[in-house]
Amino acid sequence: MVRIERAYVIALTIIAITITLTQLISQRHIRLNRLDSTIVNISGRQRMLSQKIAKSAIQLVTATDSVRFINSQSELRKAVNLWAQSHRALQNGDDEMGISSVNNSDEILGHFEQIRPAFESIHKNAVILAEKSTFQTINQPSWQSSLQHILDHENDFLTIMDAITFQYDEEAQQRVTSLSRLEFGLYMVAIILLILEAIFIFRPALRLLKESTDKLIVSERNLEQARVEKQYTKQLETKNQELRQFVYITSHDLIEPLNTIISFSKILARNSSPMNELQQKSVDVINKSAFRMKDFMLSILEFSRIGREKTRTEVDLIEVIEKLKTDLHSLIEEKQASIQFVGESLKFGAYENDLTKLLQNLIVNGIKYGKKELKPEIILDAKEQKEVYLVSVKDNGIGIPEKYFERIFEVFQRLHTRDQYEGTGIGLAHCKKIVELHDGDIWVESEEGVGSTFYFTISKQPL
Ligand code: ADP
């Protein structure tokens, strides 16, 4: 854009200079034209004046009465004065006659040199006749001789004056032609520059302008979309909050009546007189169902609690795993499971309680879904990557069919009946939610009958 601006300013300056030059030349053209035509006029008038001098001189010398003589003498005087003034003006310039300056060519100067004897003779004799002659002495031979001199040089004067006028005219024409050419050339330069400016400056500038406008429209649209999305996200957050609250309150409130049912069924089992088989079975079913329901409620309650931690803290992964091993001690003992960590020793920002719960779910699942004939072996791995920390939990259990790789992360999705494996179908949904809270991903790789590896990432974030 800056380059175009600079080019635009330069082009505009050149055009302005060209047009100003053209204007100046045009004005000079007009001035010269006016001067040239004045000179050509005066030069042409010299012919007429010299003829008038000759005519007045003849009339003066042949005057038959004093009145005619005086009139002729006055005519002669006027004619000779104007003629002589014009002659000088043509050579030296004369403001009064409209010739401010003269710039005669060598050719014209040569002609003036040629014409000088004729001019001087006519002038001298015409002045003598105009100033000195009187009607009484008009018959003297000297006046006749003056007239003869005038007439003798008249022809020479006319011929050379014609040549001068012709030369003036020709030179004026040449000047007009060359100035017109220059003027035309400059106009053409200005026009070409304007066209070039249009092609190389305005067109790219317009294209840039159009591109910027398009970008602006897109970014305004995005902005508007972002604004709407933000509003929508806020609404969703509020709704989510309300739902979480609802789930929490409902599951929490339902646990109480369940506890009551459990207590009563225990009292019933203990205190009643010996029950028949059907009664005994019924109490067992009530008891088991109530316990299952309680488990269910507790997992929902826990699910609704995810994300309560407000800030990430620095978590030492190995420490978390060690703590979990202690917490899960009885399960590990019971199932004779082994838990190993083979990864890098990492410390990173995370929601510690949620991360612990996530690892616990994966480890417990790894043990729970172990093969009957094998002792469960859980191998944990962790490595730092460019933008995330990658953690994996591998087991040697029953494995998962590929078609369920996605589904198992949904709430209440189970691949087994409760008789086969205890559970609520909420654990992996729980894990997914925790991972999302850490801006990460969770996925599984598994082979049926061989084992499964659950992977999850935790995004790196400054604390
Ligand atoms: P739950 O274990 O309570 O049923 P989860 O959400 O933890 O619920 O798991 C969903 C389902 O995914 C389980 O029912 C089980 O079929 C399958 N699953 C989870 N972890 C494993 C695992 N390590 N090996 C094999 N199957 C698993």
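The present account deals with the structure reproduced in this document. (Residues numbered from 1 in each chain as written. Predicted model: local features only at pLDDT ≥ 70, side-chain atom pairs only at ≥ 80, totals over all residues. Heavy atoms only, no water.)

## Examining the packing of helix α8 (residues 352-368) against helix α9 (residues 427-437)
- Running from amino to carboxyl end, α8 crosses α9 at an angle of 145°, the nearest separation of the two axes being 9 Å. For α8 against α9, the interelement crossing comes out left-handed. Facing Asp354, Leu355, Lys357, Leu358, Asn361, Leu362 and Asn365 of α8, the residues of α9 in contact are Gly427, Leu428, His430, Cys431, Ile434, Val435 and Leu437.
- Split into classes, the residues belonging to the contact of α8 with α9 amount to eight nonpolar, four polar and two charged. (Axes fitted to C-alpha atoms, helices over the stretch in contact; angles between N-to-C directions. Helix = DSSP H or I, 4+ residues; strand = E, 2+ residues; numbered from the N terminus. Left-handed = near helix turned anticlockwise from the far one by under 90°. Contact = heavy atoms within 4.5 Å. Nonpolar A, V, L, I, M, F, W, Y, C, P; charged D, E, K, R; others polar.)

## Notes on the side chain of aspartate 316
- By the element assignment, aspartate 316 lies in strand β1 (residues 313-316).
- Although aspartate 316 is buried, it makes no salt bridge; lysine 347 carries the closest opposite charge, 4.3 Å away.
- Among the polar contacts made by the side chain of aspartate 316, one reaches the main-chain amide nitrogen of isoleucine 318 at a distance of 3.1 Å.
- Aspartate 316 has contacts with Leu346 and Lys347, leaving out every residue within four places of it along the chain. (Buried < 20%, exposed > 50% of the residue type's maximum accessible area, 1.4 Å probe, protein only. Lys, Arg positive; Asp, Glu negative; His and termini not counted. Salt bridge = Lys/Arg side-chain N within 4 Å of Asp/Glu carboxyl O. Polar contact = N/O pair within 3.5 Å; in protein donor to acceptor, adjacent residues only side chain to side chain.)

## Some points on the packing of helix α2 (residues 66-92) against helix α3 (residues 106-131)
- One way to put it is that α2 packs onto α3 with a least axis distance of 10 Å and a crossing angle of 155°. If you check the angle between α2 and α3, you find them roughly antiparallel. Regarding α2 and α3, the two cross each other, and that crossing is left-handed. Of the residues in α3, those in contact with Gln73, Leu76, Arg77, Val80, Trp83, Ala84, His87, Leu90 and Gln91 of α2 are Phe112, Ile115, Phe119, Ile122, His123, Ala126, Val127, Leu129, Ala130 and Glu131.
- When grouped by side-chain class, the residues that make up the contact of α2 with α3 number 13 nonpolar, four polar and two charged. (Parallel < 35°, antiparallel > 145°, perpendicular 65-115°, else oblique.)

## Let's talk about helix α6 (residues 317-327)
- Of the positions making up α6, those classed as buried are Leu317, Val320, Ile321 and Leu324. Projection of α6 onto a plane perpendicular to its axis shows the buried side chains occupying an angular sector of 95°, all on one side. Those residues of α6 that are exposed and angled more than 90 degrees off the buried face are Glu319 and Thr326.
- Where the residues of α6 are buried, they touch β1, β2 (338-341), β3 (347-350), α8, β4 (377-384) and β5 (388-394).
- Where α6 starts, the residue carrying a side-chain oxygen 3.1 Å from the main-chain nitrogen of isoleucine 318 turns out to be aspartate 316. (Arc of directions from axis to C-beta.)

## Here's the deal with the pattern of salt bridges
- Taken as a whole and judged by the stated rule, the model has 13 salt bridges.
- A salt bridge links lysine 432 to glutamate 436; the shortest N-O distance between them is 3.8 Å. In this pair, lysine 432 and glutamate 436 are both assigned in helix α9, four residues apart and thus about one turn of the helix distant.
- A relative accessible area of 44% places glutamate 436 in the partly exposed class.

## Describing the side chain of serine 459
- In this fold, serine 459 is placed in strand β7 (residues 451-459).
- A polar contact of 3.1 Å, which involves the side chain of serine 459, links it to the backbone oxygen of histidine 438.
- Apart from residues lying up to four places away in sequence, serine 459 is in contact with Arg312, Glu387, Val388, His438 and Asp439.

## Side note on the site of the ligand
- Taken together, 21 residues are adjacent to the ligand, and Asn365, Tyr369, Asp395, Arg414 and Leu428 come closest.
- Between the ligand and asparagine 365 there is a distance of 2.8 Å, counted from an oxygen atom to a side-chain nitrogen or oxygen.
- Glycine 427 is positioned such that a nitrogen or oxygen atom in its backbone is 3.3 Å from an oxygen atom of the ligand.
- Considered on its own, the ligand offers 530 Å² of accessible surface; in the complex 98% of this is hidden by protein.
- Contributions of two or more residues to the shell around the ligand are made by α8, α9 and β7. (Near = heavy atom within 4 Å. Areas by Shrake-Rupley, 256 points an atom, 1.4 Å probe, with all protein chains shown as cover.)

## Re α9
- Every buried residue of α9 is accounted for by Leu428, Ala429, His430, Cys431, Ile434 and Val435.
- On its buried side, α9 packs onto α5 (277-305), α8, β6 (442-447) and β7.
- Downstream of α9 by a residue or two, aspartate 439 has a phi angle that is positive, lying close to 55°.

## Observations concerning the packing of aromatic side chains
- Inspection of the entire model under this criterion finds seven aromatic pairs.
- Note on tryptophan 83 and phenylalanine 157: the rings are 5.1 Å apart at their centroids and 55° apart in plane angle, and the pair reads as tilted. Taken as a pair, tryptophan 83 in helix α2 and phenylalanine 157 in helix α4 (residues 141-271) lie far apart in primary sequence, 74 residues in all.
- For tryptophan 83, a relative accessible area of 0% translates into the label buried.
- Accessibility expressed as a relative area gives 0% for phenylalanine 157, which makes it buried.
- Ring geometry for tryptophan 443 and tyrosine 455: centres 5.4 Å apart, planes at 15°, overall stacked. (Phe/Tyr/Trp six-rings, centres within 6.5 Å; stacked < 30°, edge-to-face > 60°.)

## A short note on the environment of lysine 335
- Structurally, lysine 335 is set in helix α7 (residues 329-335).
- A C-alpha to C-alpha distance of 32 Å links lysine 335 and glutamate 384, two positions 49 residues apart in sequence.
- Beyond its immediate chain neighbours, meaning those up to four positions away, lysine 335 contacts Ile367 and Pro376.

## Quick word on unusual backbone geometry
- The phi torsion at glutamine 336 lies on the positive side, around 50°, for a residue other than glycine.
- Since its relative accessible area comes to 51%, glutamine 336 is described here as exposed.
- With phi around 65°, phenylalanine 412 is a residue other than glycine that occupies positive phi space.
- Examined against the element boundaries, phenylalanine 412 turns out to sit in the loop between β5 and α9.

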